[in-house]
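# Report on the structure
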Amino acid sequence: MAVLEAHKLGRWYGQVVGLNELTLTIEGGVTGLIGPNGAGKSTFLKLVAGEIKPSRGTLRVLGEEPFANRAYFRRVGFCPQQDALYDDMTGPQVVTFLLRLQGFDRREARRRAARALERVALTEGLERPTRGYSKGMRQRVRLAQAIAHDPELLIVDEPLNGLDPVGRLEMTRLFRELGAAGTHVLISSHVLHEVESLTRFVALLHHGRLLAQGTVPEIRKLLNRHPRRVEIRLREPRRMARRLVEFEDVRSVRLPEDDGPLIVETGDIERFFERLTPVAAEERAGIRTIESPDAGLEAVFDYLVG
Amino acid sequence: MELLRATLLLFRTHFRRLFFSKRTAFCALIALAPTGLSCVVLGFDEGPPPLDVIVFPTWMLMFQIVVPLTSLIMGSAVISEEIDDRTITYLFTRPFPRAALLLGRWLATALVLAVVLGVGAVLHTVTVELLADIDVPTEMTRPIVEASILGGAAYSALFASLGTFLKRPMIVGLGYAFVIEGILANMPGKNQGLALVHHLRSFVADYSEHWAQVRQGPFQELGTAHDAVVTLVSVIAVALIVGSLVVTRRQYVVTS
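Rules behind the numbers
- Residues numbered from 1 in each chain as written.
- Chains lettered and ligands numbered in written order.
- Predicted model: local features only at pLDDT ≥ 70, side-chain atom pairs only at ≥ 80, totals over all residues.
- Heavy atoms only, no water.
- Pairing = 2+ DSSP bridges.
- Helix = DSSP H or I, 4+ residues; strand = E, 2+ residues; numbered from the N terminus.
- Axes fitted to C-alpha atoms, helices over the stretch in contact; angles between N-to-C directions.
- Contact = heavy atoms within 4.5 Å.
- Buried area = accessible area lost by both parts, 1.4 Å probe.
- Salt bridge = Lys/Arg side-chain N within 4 Å of Asp/Glu carboxyl O.
- Buried < 20%, exposed > 50% of the residue type's maximum accessible area, 1.4 Å probe, protein only.
- Core = buried A, V, L, I, M, F, W, Y, C linked by side-chain atoms within 4.5 Å.

Our next topic: the sheet that holds strand 7 (residues 184-189) of chain A. Residues and elements named next belong to chain A. With mixed pairing, the six strands of this open sheet are ordered in space as 5-6-7-3-8-9. If you trace the sheet from one side to the other, it starts and ends with strand 5 (76-79) and strand 9 (209-215), each paired once. Neighbour-to-neighbour, the strand axes of the sheet open up by a mean angle of 15°, direction not taken into account. Here helix 5 (residues 135-147) sits on the sheet in contact with strand 5 and strand 6 (153-157), set at roughly 170° to strand 5. Sitting on the sheet, helix 6 (residues 165-180) touches strand 3 (30-34), strand 6 and strand 7, and the angle it makes with strand 7 is about 150°.

Here is the structure:
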């Protein structure tokens, strides 16, 4: 049975469309939800978490309708995107309090809170109120409260935001462990490579619609079809331009005006960068900067939707 | 059973947080207003009789301003604080009856208000006793304290209930407490019964003859203490039932 089934799911905030006609099935395991800001990821996760209800369509998660469903809430953990906590309570107090609302007695709640905080690598400096925590620590507390009751489904909205590289690595490892232990994880991000290391299955959202879904290689292939612009500031633009037009993936090369950059459009940005470095060295091109201003998901998505 | 357990848990947690909050400190300052006013009046060379320094500030300041204002500040935050702080997400994705959030937090609010207003009322009479060197009869002090506590509970339940379905309960509450009630409570006729302050006044005035002069004032058609209690308790019950129903069904959209 599928873990999640959404059929023509829609959600409006007054006149604003948060999600539109989304039909999606998720079988289980770790699933990435990818899309630029405003794509509808958070709205979808709030619907899945049961915080809000659909304006249209149906949503069944773990065989249940999520909104205000207490039986369902015992089975899921939700880590929202907003940086909100009970600022006058310590991290362990926050997690213990929420576990008690989950139905655990005081002793068990404390035990689970300590274990969850340890799992998110938060063991020091916890005695002060969370208002004094760093952004990364607050993020870990939010994650701890979501996993402390061992949910069947963990819903996490942009969980790597605010974490340093070590923190990202630790969290990535945690999600992988949870996935390996049989927990279904639904994780959103606006950066593909963030979820790439976590899961094979990805759903792409844009403007509240499902744009594509599939394995990461399939999605990457789809994204790479989009011609990407690269701006190169260098000492020898003409010599370099002559070499670049020989690349089969390069679709156009525009010489710089005044002090501007050399502008290259490529159909395969990864291959382009692989070959650029040796050629630049050969030609002694004197590259100062390389930028790819439309490399963000937003631009790629705009391209995909025409 | 689950409702009771969750209500008590939310009550305990909220009470601890609320009691030591800036909000409570601010309300405590407001509750000292009658005491402050009495100190000023008793400092006049030819001031009114000492008992009047209890009667009039209680009638006009405590019941008409202090009780509704502190209850509004505390009561309107019962639900809206969780929404404004965006912590309601954690609560409404947990398996407990949602009504417990309103009931538990309101109970904590009512208890804190009882302490703040009760202490304010006692301090008021004690100050007059000390400064004017008189004995204030217990049958005068006790109803003031009781009415203040009961008033705090009724107003806060009303404003907490408003907070379950209004985005800005504070603004609506201000309009209600100081415009609508201000007009209703001071107009002739049965309409006075629609204002909570009218019932607070009825409650104290029924207990001793010291309130006779305000009782005989223009447009005062006060009821009995018993009726006042029944009305105020009914207001609390209806407000909490309506609020519980709303909070159980409504979705609260929190922005990221």
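Resuming the write-up.
On to the interface of chain B and chain A, then. In this complex, chain B contributes 29 residues to the contact, which on the side of chain A involves 36 residues. Here chain B and chain A share an interface that buries about 2900 Å² over both sides, 54% of which is from carbon and sulfur atoms. Ranking the residues of chain B by area buried against chain A places B:Tyr90, B:Arg94 and B:Pro95 at the top, with a combined share of 24%. Joining chain B to chain A, the criterion identifies three salt bridges. Between B:Arg17 and A:Asp88 there is a salt bridge; the shortest N-O distance is 3.0 Å.

Residue and element names in this part refer to chain A. An order of 2-1-4 is seen for the three strands of this open sheet, with the pairing classed as antiparallel. Of all the strands in the sheet, just strand 2 (16-26) and strand 4 (56-61) have a single pairing partner and so form its edges. With strand direction ignored, the average angle separating the axes of adjacent strands in the sheet is 25°. Pairing geometry for strand 1 (residues 4-13) and strand 2, over seven bridges, is antiparallel. From the neighbouring strand, Arg11 faces strand 2, where its bridge partner is Leu19.

Residues and elements named next belong to chain A. Enumeration according to the criterion identifies 28 salt bridges over all chains in this entry. The partner of Asp83 in a salt bridge is Arg142, with the nearest N and O atoms 3.0 Å apart. Here the residue Asp83 occupies a position in the loop between strand 5 and helix 3 (91-102), and Arg142 occupies one in helix 5, the gap between them amounting to 59 residues. Classification of Arg142 by relative accessible area gives buried; the value is 4%. Here Arg243 ties to Glu282 by a salt bridge, and the two come within 2.9 Å at their closest N and O atoms. Of this pair, Arg243 sits in helix 9 (residues 237-244) while Glu282 sits in helix 10 (residues 269-283), and the two are 39 residues apart along the sequence. Salt bridges sharing partners connect three or more residues here, namely Glu108, Arg111, Arg112, Arg115 and Asp150.

With that out of the way, let us pick up the environment of A:Gly91. Residues and elements named next belong to chain A. Tracing the sequence through the fold places Gly91 in helix 3. On a C-alpha basis, the gap between Gly91 and Gly10 in space is 36 Å, while along the polypeptide they are 81 residues apart. When near neighbours in sequence (up to four residues on either side) are disregarded, Gly91 contacts Leu117, Leu126, Arg128, Thr130, Tyr133 and Val141.

All right, on to the nonpolar core then. In a soluble, globular protein the nonpolar side chains are often hidden away together inside. Ranked by size, the top nonpolar core spans 120 residues in total, and within it A:Phe175 and B:Leu91 carry the most contacts. Apart from residues lying up to four places away in sequence, A:Phe175 is in contact with A:Val30, A:Leu143, A:Leu154, A:Val156, A:Pro159, A:Leu160, A:Val185, A:Ile187 and A:Leu198. Listed in part, the 28 residues of the second largest apolar core include A:Ala6, A:Leu24, A:Ile26 and A:Val48.

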